[in-house]
Structure formats: structure tokens, C-alpha cells
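The primary structure of each chain is shown beneath.
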Amino acid sequence: MVTDQMRLNFYKQMVRIRTYEEMIKRDYHADKTPAWDIGAGLIPGEMHLSAGQEPVAVGLCANLRNDDAMTAPHRPHHLALAKGVDMKAMTAEIFGRASGLSHGKGGHMHLFDPSQHFSCSGIIAEGLPVAVGQAMAFSRRKTDSVAVGVAGEGATNQGAFHEALNLAAEWKLPVVFVIEDNDWAISVPKKVSTSVRDNSLRAAAYGIPGERVEGNDVEKIYEATKRAVDRARAGGGPTLLEIHTVRLWGHFEGDAQAYRGTELAEAEAKDPIPLYEAKLITAGILNETLVAAIKLESSNEVEAAITFAKNSPEPLASDVYLHVFA
Amino acid sequence: MVTDQMRLNFYKQMVRIRTYEEMIKRDYHADKTPAWDIGAGLIPGEMHLSAGQEPVAVGLCANLRNDDAMTAPHRPHHLALAKGVDMKAMTAEIFGRASGLSHGKGGHMHLFDPSQHFSCSGIIAEGLPVAVGQAMAFSRRKTDSVAVGVAGEGATNQGAFHEALNLAAEWKLPVVFVIEDNDWAISVPKKVSTSVRDNSLRAAAYGIPGERVEGNDVEKIYEATKRAVDRARAGGGPTLLEIHTVRLWGHFEGDAQAYRGTELAEAEAKDPIPLYEAKLITAGILNETLVAAIKLESSNEVEAAITFAKNSPEPLASDVYLHVFA
Amino acid sequence: MTTITLESESGTRRLTTAKAISEAIAQEMRANQEVFVMGEDVGAYGGIFGSTGGLFDEFGASRIIDTPISETGFIGAGIGAAVEGMRPIVELMFVDFFGVCMDQIYNHMAKIHYESGGNVKVPMVLMMAAGGGYSDAAQHSQCLWATFAHMPGLKVVVPSNPYDAKGLMISAIRDDNPVLFMFHKGVMGLPWMAKNPRSIGPVPEDAYTVPIGKAAVAHTGSDVTVVSISLSVQHCLDVAEALEGKISVEVLDLRTIAPLDRDAILASISKTGRLVIVDEDYQSFGLSGEIVATITDKDPRLLKAPVQRVCHPDVPIPYSRVLEYSALPTREKIQAAIHAVMKA
Amino acid sequence: MTTITLESESGTRRLTTAKAISEAIAQEMRANQEVFVMGEDVGAYGGIFGSTGGLFDEFGASRIIDTPISETGFIGAGIGAAVEGMRPIVELMFVDFFGVCMDQIYNHMAKIHYESGGNVKVPMVLMMAAGGGYSDAAQHSQCLWATFAHMPGLKVVVPSNPYDAKGLMISAIRDDNPVLFMFHKGVMGLPWMAKNPRSIGPVPEDAYTVPIGKAAVAHTGSDVTVVSISLSVQHCLDVAEALEGKISVEVLDLRTIAPLDRDAILASISKTGRLVIVDEDYQSFGLSGEIVATITDKDPRLLKAPVQRVCHPDVPIPYSRVLEYSALPTREKIQAAIHAVMKA
Ligand SMILES: Cc1ncc(C[n+]2csc(CCOP(=O)(O)OP(=O)(O)O)c2C)c(N)n1
Ligand SMILES: Cc1ncc(C[n+]2csc(CCOP(=O)(O)OP(=O)(O)O)c2C)c(N)n1
Ligand SMILES: [Mg+2]
Ligand SMILES: [Mg+2]
């Protein structure tokens, strides 16, 4: 049962994540011009932002505890924040600072927070087997923690997806596989890459439950992921969920998205945050004052994290030799 | 429609293959003792024989032409012989001779016959994508040839299986995927490795037809593979077939098979050749004289091939440097 | 960074390396119906690093094929098409992803010819981006060319400039062997990367070849031999030019790493006796060791001084700019190494 | 071949390398509940190369886990269990299969510690068989240790005898880093392979460690240094013994390839000035080059003669015995190389 309290919290968290992505986007682009250079500026390197996919992270993580594990893909910020990764340390990492989660060694695609059992990786689908192994540890130690492996719809055609699902199913491990279907893998639409329209159909190949959630609706996502997480926690084994969501921005920052044509405008009209905001206002859970306060609170928090990052020292050049071996 | 003529031919071919495997087994073990050494003797190295699986090769290949392609796995002899690979050149290859298919460079797991578009590889499931590519060439050139990718049931849990099926389905290529389910992957039984009992169920993950054939019955196999090959040839796209067969001998020669326990005796009772022989005798298609003649013809052919191999020269030591580049 | 014009004063046509590559592919595709391109985002997008820019418009979806994220699947499919006699060009977006498809690359693409005793050919190009310098971190910045060069059966070309890129791509497509065509992102002349002036240069319009397996003396000198490959060659040339009149630096651009042009290495070191190796790939068990061994196989006395290796140290590639540049071979480090080898 | 008894006259316990490895695993499993084993045929079968013999009987299916043929899946699962603090031992049956799972090995297992800035540990052993000599052809006979050594973040051990194998396995299990434990099939002392007498030897019963990263002088000498690893060390020792009284051969058994014991190499070459490298891995871009570069980094004049490399030539591994042995480093070739380096 989704309570109004939970609804308000869903909204807050989605706003928090969106604010984060907007401000990262701002600072990412701030100093890369005039001759745009991906390696220049305060935040160098590739940047995959998650605007539009907040409902997945928020609905899913509402079911998770600190001791539950998650492996996220190359587009990880929404998941990290919803999972509880410290915003300051994460931001400092994205800014490549010594105070970052990995002291500047990891960057935006390699966020590691052991306290949240959170990690991500830039190699498509290859985080899924790692989640299976975390679940293996949980089940061997007889805890009731669960592991969640998150990947995009494009990732479902990678061999690692198949192997991970089969292992988890065969060993009946507490894993939830969450596929974020945002219709695109960079410039390649699902229909030219994936031989089934609905990836949850692939659950049949492993004899596990599969479900597709339409609508990018945080409440429906919460409920579907709750069923899956509860099942895993209770020893019922893995579930494959595909959640239809939307990629509001480019694959990475700098992506002109010419390949999207008119679909881009359609996608923009599906922004889940204003839609949910309107719904909660209609339901009397939100009002304009509250909205403004929530947004202000979010920007304050994010600005503080960014300020922390900017004020943190860079790593020492000689630190490059540290942490090759434990 | 399976005619009596075809039945007789099925029987002959199965006997031919079995005879081949028996004689290879004999010569493989002949000179490895007293201290058994896998690398010693006339035929060194690993040896995966196919006794029990003849119905798959014979039923399948009855539908194939020279210009159809096949990629076979590490257990390839039955498939190679049924596909039409020259027995003498193949045997010489297995004996490591200069007159072999690959002048002694390939060996039993690397039989290549371009005239039959036949190849095999020792890496589990990795032949399947290659078959997809051969089908791609056929379809781009608008021929009606088909490609067949063969793998064991253990191979279906390898990522390459998944990727190959998705590609073939997405591109609607003329491929038939044939899974030989002999219940075992070396010492690991299907039930502890595969999360579905029936691999043909996995066709649903690609939106293609899937079918399981029980009984290790050459006629049923012929009919099922005919449906699949005809569909592929007609532009109807790929099919996934799982054929239940039996591994009568060890995974490789020298395998003591302790892990099989009582199942081994059960398997031996399922030898498809005496069963089919009895059926054809009952049906009046075969009689004892004919059986003896067929067996004699087979052993003559195989002995001739082995004699050819044994009498062929070894490659020159300096040939090791040839054929790195074309 | 200077602004780069696409037309030089003399009227010589100047192209970026990316454009030189896609032009090479286009010309071969026009000439040969059996050539086609496969990979992720090679179609409408034009390749993440521009290697297939414009091809989709000319050749359409049937010959410029966007694939699922199934590298084992589509590289394997390329192999299958190649053994049937087609000439596929397959793109693996980043070399760093080799681990999801190395079996197809190494156990199949590279070995089929040998295993078949020469009876099956695999005429295929596998192209891929390499290299760092823009904070793409540990999984998107590697070079790894020595990994492929270590394993027999592959030709591995790694051009440093547009002219060589076009000529080597045409050679690669026409070669009957599998060729790995590795381009450093920094030599591509991309509009969204640091602008390296040497990544744009004169490229003849007609199809021409640059031979696979032949190094080029990119800068002639007599005091010290600097052997390098790919983007690092550009840095070496900058340094060699800066040192002109002071130290006479010979820069050898290997262009191909397998097969290695050992004669060119021996010829240069016989002249200079002093060796600097500049390589963005991980230092140990890589290119630098093989270059040295090429010399000591012949005669260690060819070396008058300890060898200077300016390579990526044996650490994974860090994200932060300060850390990454602390690891990368830079002009400063190259210059310091040249001074060191001259003093020794 | 001589017959080998499992009890020497003196009563010292003698084990095969396979048994030494499985004993090491058993002892660590008894001591630490977090250790478990995963892989294909590691259970009732006992490992295709005997590395897990007897473990299933003692520890059962819950700790000795037979996996599907899903190397990416189960190596990834090992990594996941390791980051949660368990100590998995995962077997990849043949190193040749690395290509189906290299992403887990190299982009994950090896890099997580660095990428996490030291916050996440991956205490895991990945063991695998390597090497040829028994006609298992191109896809089942490779060594490839230099491939792994080239890429930072992995420790790579390659024992040549039972004593080292047990001690290195215990060190590997206790190490907080991912360790690749590579065993040549020829050193395992398997009942179904050529019987190499040095593959059986004295092994203390108690748990003990052999340090990772330390070479051993397996035979002391002063005329020539022969550096080798794995099964080739056994051949080098045979040759060194045969040459006793004629040429004083120092045999250095590296035991670990990454990190490489450069001090041991330099110490020996400083003494002898003559170098032979014997390596069953592909020659180019491999171990031999790095050994040479270790020396020329310091001083090329340490080398009094051209280096002799007795390595697998740069060709895929052929099937036929005559072809394979034409490529493999044999006692004859090692001896010839020693004579050559002494004459130069
Ligand atoms: C194995 C591998 N192949 C290719 C890539 C390059 N790549 C990065 S993101 C991406 C698209 C991923 O699509 P999807 O899984 O749908 O996730 P999304 O980006 O839509 O969130 C690709 C192809 C990669 N990182 N890893
Ligand atoms: C990628 C890979 N992993 C493991 C192996 C080792 N191996 C060879 S055959 C085999 C079992 C194959 O079982 P299955 O696919 O059922 O074929 P079968 O042997 O029963 O014919 C294994 C694990 C391999 N060759 N390749
Ligand atoms: Mg997507
Ligand atoms: Mg089987």
C-alpha cells in the first residue's frame, strides 16, 4: 500500500535526483567551450545522465535497505542517490577530487560505496553477474539481504545477461534484475536490436517470474519491485523486471540526438516529474508552496555537495601508484 | 514423408558413423599404455566421440546440401561425416598427417571442410555466432542456403548462445540452432546447470519457434529438422531445436565416468542403433544379411580411411610456420 | 590549441583521421559489393568516433548495419560472413570491451586460417578505438595493442595520422587476413576532443594503400631513436621539432605493431645507439619490451645507454585529470627521457 | 619415463602438484568458512586437472560448486561474493577460455580495487590450466600468462613444482587481491599425462606459504642465467644438471610473473652476463621482452652476448605432435641456446 507520506517522499526524491542531474549538466558544460573538449573543464570525461528515469530508482530503492546490494550500469546517478550513496562524496568523485568516494580514481561510471553495497561499471550487462555473486554471499551467510542488478534494455542482448539470469535462477538466489527500458541504446532503438518486444518475456527462458511495468509511474514501479524484492528476501528466488521509462536527454552529454527525430519531443512530453507533481497536487498531497520548498531544499543540498566537491583538493599526482594492490 | 529407402539410408549412415567412432576409439587407445599418456600414440590429444548421437547428425543432415553451412562443437565426427566431409581427409587430420584436412594443424576439434561449409571449434557455444554470419552471407547474396549451428545442452548457458539467437531472430536469418541434449556436460548434469528443463522453451526469449524432440529417433529428428530447415530456406527465419539424445561413452576418451552411477547402464540400454535396427528388421526393411553387409561395408570404408591416414606422411617440422597468414 | 582549417593554402585537401577512415571504407564499398560494415551506432550516428561518418547516407541500412550490444554475436557473425568470402568491417566501439568478445577475436578470427591449414580465409577488419587522455577512466581509455600483438594470427595496425589511416584501412580491407585496425581517439580529429593539429592533414582523394607491417621514419635524426606508435607519435614529433638544432631526434612511427617492422628498429638504433620508447599502452610485458628484445636478440652492444621507457605505468587508468596525466606519456616526459638517454 | 613412488625412502611425503594444490585448498577451507570453490567439474569429478580432487567428498556440494558453462556468470559471481568479503576460489578450466570471460577478469576483478580508490577488496583466486605438449591444439594448449601480466591489477603465479604450488596457493587464498593461479598441465603429475618426475616432490603436511612475487634460484650457476617459468623450469633443470661440470647454469624459476621479481633477474645477470629465456608462452610481446627490458632499463652492458629466447614462436599452436614439438621449448633447444650464448 502506497501511503500519501510515501507519495510525498517519492516526489521529493525524484526532484532531488533531477536537481542533481541538472546541476551536474550545468557544471559539466560550463567550461568545455569555445572549442568543446570532452576532457576539459571541472567535470571531464563521458557523462551519462538519468533525467526521466528517476521513477525507476526511487520506486525500486524504496524497497531496499543499506545491506542490500546494487550493481548499476554506466548511467548510475539516480540509482546511487536513491540507494543512499552519500551525495557529497559522490559529487567529489565526479569532480575527480581526493575527497571523492574513490579519491578521484573512479569517476562517474565507477562509483563504489561499500556501506551501501553499491557499485557501478561502464561495461554493458557485466554488473549483473556481480550482483548474482553478492546474492550468493548473502544466501551462503543466511542473511535476508537481496542484490539488485540494474541494466538498460540494450544490455539484455549481451551474453552476461543470459548467464547471470540462468545462474541466479538455477541457484534460486535473492536477486532482482531490473531492466530500465528507455527505448534507446545510444542511437539504436530497441526494435532493431531486440528480438522480443518485451524483455520480461525472457524470464521464461529461466523459469522465473517476469514482469513489465508500463507508464514510468513511480508507484507502479514501487509495487512491482516490492513484489520482486519481497520474493527474493523470502527465499523465492530471482525476478526479471522490465520497466518502461524515458531518456529525456542525450545518451551522454554532447549527444546531438539527431537520430531521435520527432520521438524526442514525444519523450519530453513524458517527463515523469511534472506529471507526478500534477497528480499529487490534484490529490492534495502537494501544493505550490511545498513544491517550491522541496525544490529549494534539493538545490541547496546539491549546491552544497558541488561546493564541497569544488573546494576539495585534487589528488596528488603520485597517488596514481596507490591502490593497485591491497 | 520418410520412405523405406530413407530409413535404410538412415540406418546405413548411423552404422557408418558408429563404426567410425569405434575404430577411432580402438586406435586412440591402442598405444597409450602402459602408463596411459594422453599425448602419446597414433592419435594424441583429447578425443570426444559421439556414440549414441548418430540419430541427430543423420536426421539433421538428410535435410542439408553441400552449400548449406554447419558449425559443430568439440564433438564433431558424427556431424562431419553426415554432412559429407571426406572421411579420408578427416581421418588423416585426426592422425595429424600432412594429407589431413588441415595438414595436421587442426586435429579432431578443428575440422574444416570449405567444400561442405563445415567447421568445428572447441570453445563451447562460440560456433553459433559464426553460423549466424554464414547465414548472413547467404541471405545477403540471396541464395537459399541455410546455416546450422550445433551445440550441446551444456552450451545453452553460455552467453554466445543468447547473442547468436537474438541476432539470428532479429535479422530473420536462415539459421537452424540444434541443441544435442545428451543429459551431460562432462560431469555436470543438465538439472544442476540449466534453469529450464527444456531448452526449446528459450526460443520464447527470441520470438522464434522452438521444439524439443524426444526419443533419439532418427525419423522424428529428420522431420523436426526438416521443418526448421525448410522454414529457414523459405525465408522464415531461425528455429531452436533441442534434441534429446544419449552419450553412450565418456565425455572424452579416458573419462572413467564414476559420476554417472547407475545412469550409465540406463544410457547404454538406449543405444539408438540396435533399437533402430530392430525396428527396421520388424518392418522388413532390414534383415540379418543386410545388416552384416552394411556393417562390413562400413568397416571396410573406415579401415581404408585409417589405412590412408596411417600411410600418409607426417607434416614437416618446419611447416609449423606456414599458414599463420594468408 | 590552434584552429584547424580543412583547406590548406596550397589547396592540398586536408582531412581529419576520422574522415580519412570513412572515406577509405566508402571507396572500398563502392568498388566491392562484398564489403559491409557492422557495429554499434555505426549507422545514423556515424560511429561514436566518426569512423563511419556519412556511410549510412550513401549505403543505407543494408550495408551499414547497427547491431545489438552483442559483441560476441556480431564479431562472430562477421567471421562467418568472412569465411563465406565476404569482407566485413566490424567495429568494436572501445578496445576496452574486448573482454566480452575476445574468444571470437582470438580463438576464432585469428586462428581459423591456421587451424584449417590455410584452407579457410577470414578477410575481415575489426576496428576499434583506443587510448585515453580525456578522463574516461579505467574501462574506456586503454590501448591494449600489445595484448593483441602477443597472440599470433592477427595483424594489428595503429595509425598516427590521417594519411596513414586511409592507406592502412584500404590495405586492411583488401588483406585476406583478419586485421585489427586500432585508432586512438586523440588522432581522429574529433570536434569534441582536444584538437591535436597532427590529427588533420593532407589526404589524397584517390584510393591508395599504406603497407601493413612497415614503420615510417616520421622525423629523421641521428642522436637518439624514439620509437612510438599512435597518438604518442604526435607528441614525439612535437618534441623532436622543439629540440631541432639541439638534439637530432629520429622518430620511428611503427604504424603496425604486428607484424613488427624489426628491420626499421634495428636500422635506426644502429645509427643512434640510444633508445627511447614512447607507448601509451601499459608498460610491462608490452611493446617496449619487444622492441628492446629485438635489439638484444641481435646485439646488446647496439645500445649505448640504458633504454628509456615512457609508457603508461603498470596501474589501471585513473579518472581524475591530474592522476591520468601523471600516468600518460606527455611531451614533457618524452623530452626528459631524451635528455636522460643523451646524458647516460 | 621413470616410475614415481609417492613415498620417498627418507619418509618425506611426496605429492603430485595436483594433490599439493587440492591439499592447500582443503586446509584453507577447514580454517576459513568463507572459502569456497566454484567451477566446471570441480565437484564429483574433482577438477579436470585434479586441482580439486577429494574436496567434494570432504566439503560437499555446498562448498564445492559445479557450475554451468557460464564463465562470465560464475567468475562474476565469484567477484560479487569476494567484494562481500568471502574468499572464492574459481576455476576456469583452460586459460584458453579466457576470451569468453575476460571482461569479468580484467575490467572487474582486476580493477575494482583501484577504481574504488582502495575501498573495495576482491580477495579471490582464479585458477586455470595452461600449456601444451599433448596435442590439444590451438584452443586448448596456450600459456597466455604474459597477457595477464601485461594488464595491471592482477597477481599472476605460475608454479613449477608441488612444493611451490601448495605454498603459493595458500598465499593466494590469503591474499586480499585477486590472484591468478596458473598451473601447467604438465606439472600436475596427472596419471593420464606424460610423467615428468619433477611434478611429484616433497610437500610438508602443514599449511605454509610461498611468497607471491619472489623468484627462486632453482639451480645455482655462474656462466649463464636461464630464466624460466612453469613446466619449462623442469626442462631447464634437466639441462642444467646434464651440463654440470661443463657449463655452470643458473636457473631462475620466476614462480610469479606479476609482480615480476626484477631484483632476482638483475642479481643473476650481474653475475653471469649471459641470458637465455625459456618460455612456453608466445614469444613476442611477452615475458622474454620484459625480462630483457628489465636489464636494459638498468644497463645494457650487463649483457655480454645476444640474448637467446627459447619461446613458443609466433604461431598458433598446431595439433600434430611433430608440428607442436617443433614449436615448444624442448631440452634440446634449451641446451642449444645455452651453447650459443656461451659461444657468443
Ligand atoms: C560491452 C559493451 N559494449 C558497448 C558499450 C558502449 N555502450 C555504452 S552505453 C551503451 C548503450 C546502452 O544501452 P542501454 O543498455 O539501453 O542503457 P542506456 O544507455 O539506455 O541507459 C553502449 C552500447 C559498453 N559500455 N559495453
Ligand atoms: C567456453 C568453454 N568452457 C568450457 C569448456 C570445456 N568443455 C568442453 S566440452 C564441455 C561440456 C560441454 O557440454 P555440452 O555442451 O552438453 O556438450 P557435450 O560434451 O555433452 O557434447 C566443457 C565444459 C570449453 N570447451 N569452452
Ligand atoms: Mg536504453
Ligand atoms: Mg551435453
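The preceding data block contains the structure.
Everything in this summary refers to the structure shown in the same document.

**Quick look at the overall build of chain C**
Scanning chain C from N- to C-terminus turns up 12 helices and 14 strands. Its C-alpha atoms give chain C a radius of gyration of 20 Å, within 12% of the compact-globule value 20 Å for 344 residues. By principal-axis analysis of the C-alpha atoms, chain C measures approximately 60 × 50 × 40 Å. Out of the 344 residues belonging to chain C, those deemed buried represent 74%. The contacts of chain C with a sequence gap of at least 6 include a subset with a gap of at least 24, amounting to 82%. On chain C, roughly 9000 Å² of surface is accessible, and the fraction owed to carbon and sulfur atoms is 51%. Between the centroid of the 28 positive side chains of chain C and the centroid of its 39 negative side chains there is a distance of 7 Å.

**Observations concerning the interface of chain D and chain C**
It is common to give the size of an interface as the accessible area that goes away when the parts come together. Between chain D and chain C, the residue contacts involve 53 residues of the former and 53 residues of the latter. Approximately 4400 Å² of surface area, both sides summed, lies buried where chain D meets chain C, with 61% of it carried by carbon and sulfur atoms. Contact with chain C buries surface across chain D, with Y114, H150 and F285 of chain D losing the most and accounting together for 20% of the total. A salt bridge links D297 of chain C to R309 of chain D, with the nearest nitrogen and oxygen atoms 2.9 Å apart.

**Details of the relation of the copies chain D and chain C**
At an RMSD of 0.0 Å, chain D and chain C line up after a rotation of 180 degrees and a shift of 0.0 Å along the axis. When the rotation and shift are considered jointly, the pair of chain copies conforms to a two-fold rotation axis. Proximity to the rotation axis, assessed at the C-alpha, singles out G289 of chain D in chain D; its C-alpha lies 2.0 Å from the axis. In this assembly, 100% of the residues forming the interface of chain D have copies in chain C that are likewise at the interface, indicating an isologous arrangement.

**With respect to the coordination of the magnesium ion (ligand 4)**
Residue and element names in this part refer to chain B. For the magnesium ion (ligand 4), every protein donor is listed as E153 (OE), N182 (OD1) and W184 (O), and the spread of their distances is 2.1 Å. Along the chain, the residues donating to the magnesium ion (ligand 4) fall in the pattern E-x28-N-x1-W. Taken as a pair, E153 in the loop between β3 (147-152) and α6 (159-170) and W184 in strand β5 (residues 184-185) lie far apart in primary sequence, 31 residues in all. What makes W184 buried here is its relative accessible area of 11%.

**Observations concerning the coordination of the magnesium ion (ligand 3)**
Listed as protein donors to the magnesium ion (ligand 3) are E153 of chain A (OE), N182 of chain A (OD1) and W184 of chain A (O); their distances from the metal cover 2.1 Å. Counting residues between consecutive donors of the magnesium ion (ligand 3) along the chain gives the motif E-x28-N-x1-W.

Here is what the cut-offs are and how they apply
- Residues numbered from 1 in each chain as written.
- Chains lettered and ligands numbered in written order.
- Predicted model: local features only at pLDDT ≥ 70, side-chain atom pairs only at ≥ 80, totals over all residues.
- Heavy atoms only, no water.
- Helix = DSSP H or I, 4+ residues; strand = E, 2+ residues; numbered from the N terminus.
- Rg over C-alpha atoms; globule rule 2.2 N^0.38 Å.
- Buried < 20%, exposed > 50% of the residue type's maximum accessible area, 1.4 Å probe, protein only.
- Contact = heavy atoms within 4.5 Å.
- Areas by Shrake-Rupley, 256 points an atom, 1.4 Å probe, with all protein chains shown as cover.
- Lys, Arg positive; Asp, Glu negative; His and termini not counted.
- Charge placed at Lys NZ, Arg CZ, Asp CG, Glu CD.
- Buried area = accessible area lost by both parts, 1.4 Å probe.
- Salt bridge = Lys/Arg side-chain N within 4 Å of Asp/Glu carboxyl O.
- Least-squares fit on C-alpha atoms with pLDDT ≥ 70 in both.
- Donors = N, O, S within 2.8 Å, 3.2 Å for Na, K, Ca; no water.

Geometric values such as these leave the question of function open.
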